[in-house]
Amino acid sequence: MNNCSGHEYHEATKHSWLSVRQYPNRLDWDNQPASLKFYPSTYPHTPLTKAFPAHNLIYHIGGITAKKSYPGVEYYLRTNPSAGALYPNEVYFQARGVDGFEDGIYHFEVGSSSAVLLQPLNPNEGLEPFLKLRHPMRGLLFFISSPWYRSAWKYKNRAYRYCLLDAGHLLGTIDAGSYLYDHAYRIAYNIDLEGLNHFFGFGREEFFLSAAILAVPEEGEVEIPKQTLVQSDPTGGVFEPNPLIERTYQETIPLQGCHAEPRFRKFMFHKSAWEEAILKRRSIREFSKQPITKAQFEAVMEIVNQPIPSDCDEPITIYAVINRVIGMPLGIYKDGTLLKSGDFSQKAGYLCLEQRLGSESAVTFFLLSNGCNYRALYQKAGIIGHRIYLASEYLGIGCSGIGAYYDNEVCEFLDDPHMVLYALAIGQ
Ligand SMILES: Cc1cc2nc3c(=O)[nH]c(=O)nc-3n(C[C@H](O)[C@H](O)[C@H](O)COP(=O)(O)O)c2cc1C
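Keep in mind it's a predicted model, so treat the numbers as computed, not measured.

(A) Region of interest: the domain arrangement of the protein chain. According to the domain assignment, the protein chain contains domain 1 (32-251) and domain 2 (283-427). The C-alpha-based centres of domain 1 and domain 2 are spaced at 28 Å. Contacts between domain 1 and domain 2 engage 23 residues on the former and 22 residues on the latter. Secondary structure elements with two or more residues in the side of domain 1 that touches domain 2: helix 5 (159-181), strand 8 (186-188) and strand 9 (207-217). Here the side of domain 1 that touches domain 2 takes 13 residues from helix 5, the largest share from any one element. When its residues are assigned to classes, the side of domain 1 that touches domain 2 shows 13 nonpolar, 6 polar and 4 charged.

(B) Quick peek at the pairing of strand 14 (residues 337-341). Relative to strand 14, strand 13 (residues 331-334) runs antiparallel, the two being bridged by 4 bridges. Along strand 14, the bridge assignment pairs Tyr333 with Leu338. From the end of strand 13 to the start of strand 14, which pair antiparallel, there are 2 residues, and Asp335 there has a positive phi angle of about 50 degrees.

(C) Geometry of the site of the ligand. Surveying the vicinity of the ligand reveals 18 residues, the closest of which are Pro81, Ala83, Ser283, Gly401 and Gly403. Every element with two or more residues in the shell around the ligand is listed here: helix 5 and strand 16 (398-402). Take the shell around the ligand: its biggest share by element is 4 residues, from helix 5. Class assignment of the residues belonging to the shell around the ligand gives a composition of 9 nonpolar, 7 polar and 2 charged. Lining the shell around the ligand are residues from two domains, each supplying at least three of them: domain 1 (32-251) and domain 2 (283-427).

(D) Structural view of the nonpolar core. Among the nonpolar cores identified, the biggest contains 127 residues, and Phe93, Leu141, Phe142 and Ile388 are the most heavily contacted of them. Here this core spans two domains, since at least three of its residues come from each of domain 1 (32-251) and domain 2 (283-427). Beyond its immediate chain neighbours, meaning those up to four positions away, Ile388 contacts Val300, Val304, Phe365, Cys399, Leu424 and Ile426.

(E) Spotlight on the sheet that holds strand 17 (residues 419-427). Pairing is antiparallel in the open sheet, where 6 strands are placed in the order 14-13-11-15-17-16. The outermost strands of the open sheet, each flanked by one partner alone, are strand 14 and strand 16. Put simply, the sheet's adjacent strands are angled 25 degrees from each other on average, direction ignored. Judged from the 6 bridges that link them, strand 11 (residues 317-322) and strand 15 (residues 363-369) form a sheet pairing that is antiparallel. Pairing of Thr317 across the sheet is with Leu368, part of strand 15. Helix-sheet contacts for helix 13 (residues 407-414) involve strand 11, strand 13, strand 15 and strand 17, and the interaxial angle to strand 17 is about 75 degrees.

About the criteria used
- Residues numbered from 1 in each chain as written.
- Predicted model: local features only at pLDDT ≥ 70, side-chain atom pairs only at ≥ 80, totals over all residues.
- Domains from an automatic or database assignment.
- Contact = placed C-beta atoms within 7 Å.
- Helix = DSSP H or I, 4+ residues; strand = E, 2+ residues; numbered from the N terminus.
- Nonpolar A, V, L, I, M, F, W, Y, C, P; charged D, E, K, R; others polar.
- Pairing = 2+ DSSP bridges.
- Near = placed C-beta within 6 Å.
- Core = buried A, V, L, I, M, F, W, Y, C linked by C-beta atoms within 7 Å.
- Buried ≥ 20, exposed ≤ 12 C-beta atoms within 10 Å, placed from the backbone.
- Axes fitted to C-alpha atoms, helices over the stretch in contact; angles between N-to-C directions.

Spelled out as structure tokens, the structure:
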């Protein structure tokens, strides 16, 4: 094994035909962690309203957009998809000079659709130094954390992959929402994560993964507030340690040999239709096996291939297995080139742990990487996944993320030995 972060973890958490049969998942339904975090009502809560553009932006970053009711249970779906709908991420932000918010550090309390003020800020205090920024930043700074045990409850060791993908989807909601907010953003992975975790009062049950900067520097210098934040019983008593995940997180904190992506994406959407796509996005549960058109496929790829501005841009190869696209020969494609022709629809479904989504789609994507910075490359896969979801929704076609696949068999099928990060299916 090489010394790149996360590669050993990735190897240890591969699925195979045998492993999913030898180690079937048994779920402890009586001890399922809650997927919503609430701060006590003694903290000031600001309900998000449509009156302020910044409120709207925050709502677009993981707000509740649908409710499902089953006998005895109700659950909520959000602007972001999530493996197993476990939502193992939280969003915190700093607002400085933003209409609709007092300057301060906030938690986005998804369950009440409000921003909870954790600490007000003086002009010379803020979280900027954790992002290695000296000057006060006017605007919004977002911080994505992971109460990872929510996902480990179901997915065990493999859960860190899902926490990173889901965090990437949340960054994807920022990519999408900032287009309506009309503000540039850049993603930061090069963060003092340990300092930030300590400042927020996190124990081992929650850790930060990334940040997004929608702000501009102002005159002056800024310091971290003296008073740290307090967490009170964040897990509701259902926390299960997972040594592999906790160790892998530590291992994936340092970054090495990062290349920044300074270029910004150029989206050209009708804004109201784009907002509708953000609010209506859902995972498709079953395809009708109708084809899509070549123009639809190319439009999705056009959006997916736009740059993602960040301080650690890792290479990701996108393979497309074309199952039913009018005007395109069937086969495996990479960067628009047909690598191998043939009908691989059954094979694509088999590789996705025999899920029909993979065979009945118009296109099944596989995202692979040989990058060295696991934390950054996996979140980038989630951002790309989110673009595939929203581009599909915008074009009137369906999409589903697929986190479960036979890792090594996908590599053999694609003739690519690198890490398989994510699969997604689109179609009608
Ligand atoms: C990382 C990731 C992996 C997923 N894997 C699967 C999968 O293997 N099979 C599946 O049917 N859905 C999968 N989904 C879709 C989720 O089940 C879905 O997002 C969740 O139930 C919430 O529903 P919504 O996306 O309609 O809001 C995945 C989603 C994500 C983000």
